[in-house]
Amino acid sequence: MGSTIRLHVEHRLGAGQTVPLTAAQAHYLFGVMRRGPGDVVEVFDGRDGAWSAEVVEARKKAGVLQCRAQVAPQRKPPDLHLLFAPIKKARTDFIVEKAAELGAARICPVQTDFTNSERIRRDRLQAHAVEAAEQCGGTYVPTVDELTPLSRILDGWEGTRRLMFCDEGLAGPATALDPAERGGPWAILIGPEGGFSQAERARLAAMDAARAVSLGPRILRADTAAVAALALWQSALGDWS
Ligand code: SAM
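Residues numbered from 1 in each chain as written. Predicted model: local features only at pLDDT ≥ 70, side-chain atom pairs only at ≥ 80, totals over all residues. Heavy atoms only, no water.

Draft legend 1. Up close: the pairing of strand β3 (residues 40-44). Most of β3 sits out of view: four of its five residues are buried. The pairing of strand β1 (residues 6-8) with β3 spans three bridges and is parallel. By the bridge assignment, Arg6 is partnered in β3 with Glu42. Here β3 folds back onto strand β4 (residues 50-59) in antiparallel fashion, the turn holding five residues, of which Gly46 has a positive phi close to 90°. (Buried < 20%, exposed > 50% of the residue type's maximum accessible area, 1.4 Å probe, protein only. Helix = DSSP H or I, 4+ residues; strand = E, 2+ residues; numbered from the N terminus. Pairing = 2+ DSSP bridges.)

Draft legend 2. Structural view of the site of the ligand. If you check the shell around the ligand, you find 19 residues, and the closest are Cys166, Glu168, Glu193, Leu215 and Arg218. Within the contact set of the ligand, an oxygen atom lies 2.9 Å away from a backbone nitrogen or oxygen of Gly191. Backbone polar atom of Gly216 to a nitrogen atom of the ligand: 3.0 Å apart, as the coordinates give it. Coverage of the ligand by the protein amounts to 84% of the 580 Å² it exposes when considered alone. A majority-of-atoms criterion places the ligand in the second largest pocket. Of the residues contributing to the shell around the ligand, the split by class is ten nonpolar, five polar and four charged. (Near = heavy atom within 4 Å. Polar contact = N/O pair within 3.5 Å; in protein donor to acceptor, adjacent residues only side chain to side chain. Areas by Shrake-Rupley, 256 points an atom, 1.4 Å probe, with all protein chains shown as cover. 1 Å grid on protein atoms, 1.4 Å probe; cavity = no way out; pocket = protein on both sides within 12 Å on 5 of 7 lines; lining within 4 Å. Sits in = over half its atoms within 2 Å of the grid points. Nonpolar A, V, L, I, M, F, W, Y, C, P; charged D, E, K, R; others polar.)

Draft legend 3. The arrangement of unusual backbone geometry in detail. Residues other than glycine seldom take positive phi values, yet Arg34 does so here, at roughly 55°. Locating Arg34 in the fold gives a position in the loop between α1 (23-32) and β3.

Draft legend 4. Spatial organisation of the side chain of Glu181. With respect to the helices and strands, the residue Glu181 is situated in the loop between β10 (162-166) and β11 (186-190). Here Glu181 falls in the buried class, since its relative accessible area comes to 14%. A polar side-chain atom of Glu181 sits 2.7 Å from a polar atom in the side chain of Arg211. Not counting residues up to four positions away in its chain, the partners in contact with Glu181 are Arg162, Trp186, Arg211 and Leu237. (Contact = heavy atoms within 4.5 Å.)

Draft legend 5. Highlighting helix α6 (residues 222-237). Its 16 residues place the ends of α6 21 Å apart at the C-alpha level, agreeing with the 22 Å of an ideal helix rising 1.5 Å per residue. Within α6, the full set of buried residues consists of Ala222, Asp223, Ala225, Ala226, Ala229, Leu230, Trp233, Gln234 and Leu237. Each buried residue of α6 sits inside an arc of 155° when the element is viewed along its axis, so together they form one side. (Expected span 1.5 Å × (residues − 1). Arc of directions from axis to C-beta.)

Draft legend 6. Expanded view of the sheet that holds β1. Read from one edge to the other, the open sheet built from five strands follows the order β1-β3-β4-β5-β2, with strand pairing classed as mixed. Each having just a single partner strand, β1 and β2 (18-20) make up the two edges of the open sheet. Averaged over all pairs of adjacent strands, the angle between their axes in this sheet comes to 40°, without regard to strand direction. Both β4 and strand β5 (residues 62-72) contribute to a ladder of nine bridges, which runs antiparallel. Note that in β5 the partner of Ala58 across the bridge is Gly63. (Axes fitted to C-alpha atoms, helices over the stretch in contact; angles between N-to-C directions.)

Draft legend 7. The arrangement of the layout of surface pockets in detail. By volume, the largest pocket amounts to about 750 Å³. What lines the largest pocket is a set of 28 residues, among which His8, Val9, Gln25, Val130 and Glu134 lie closest to the centre. Looking at the lining of the largest pocket, the elements with two or more residues in it are β1, α1 and α3 (122-136). Looking at the lining of the largest pocket residue by residue, the class counts come to twelve nonpolar, ten polar and six charged. The space that makes up the second largest pocket amounts to roughly 340 Å³. If you go around the second largest pocket, you meet 22 residues; those closest to its centre are Glu168, Ile219, Leu220, Arg221 and Ala225. (Points joined across faces, edges and corners; volume = space filled by probe spheres on them.)

Everything listed here is a matter of coordinates, which is why it stays silent on function.
Here you go:
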């Protein structure tokens, strides 16, 4: 039998707890992965950690699991939001998947002055975040927000949340994040293919909470920049150390 199948479920978990499967989950588990009654999978709900669960009912479009034992404690990611300007669909999917794997707690698509893609499919992006969490062994799935104008987010900025503003205008030696600023709520902001406007730069420069940073001497694609920024932040201030 292959490696343990992991499923994110919208249901509280506990010893003996039965968990109903969605039609899609039943199709995947029984139709595609050929599992059946007595087989064990791993389930997580984002609050109760990960649990081993046995298939107790298996039908074409439905099924029931029963929790056996907790196999991993709930592990919340740091309080880190990723704000990014959507780019082409496949690359936006990539950003969401990597943000989930790299431990963002929330993923916020933002509309900036030079953002091209006007629309996103939030439910599709949320499904990518779920798949990434199932695949990477996480017990938490970041929430993907609706596309929101950056100006509106900055208007309502929470005072205590620091903002790692990745500014392509600073391309050069990568900025070292200050270890003294470890802890507390943070956000990372990545711009679109067209970069940030001067008005956006001026507004961000005036924000006490903003830290304008360079991600090195080369101009990175937005999806590369998102991964680089998440890795830089996790390594310096997050749960990688
Ligand atoms: N069109 C812009 C230009 O040619 O200068 C490039 C924008 S870049 C493709 C997309 C985003 O990635 C930027 O807005 C910034 O957030 C981030 N980025 C890319 N390279 C960076 C760097 N060297 N330092 C800081 N941020 C960078």
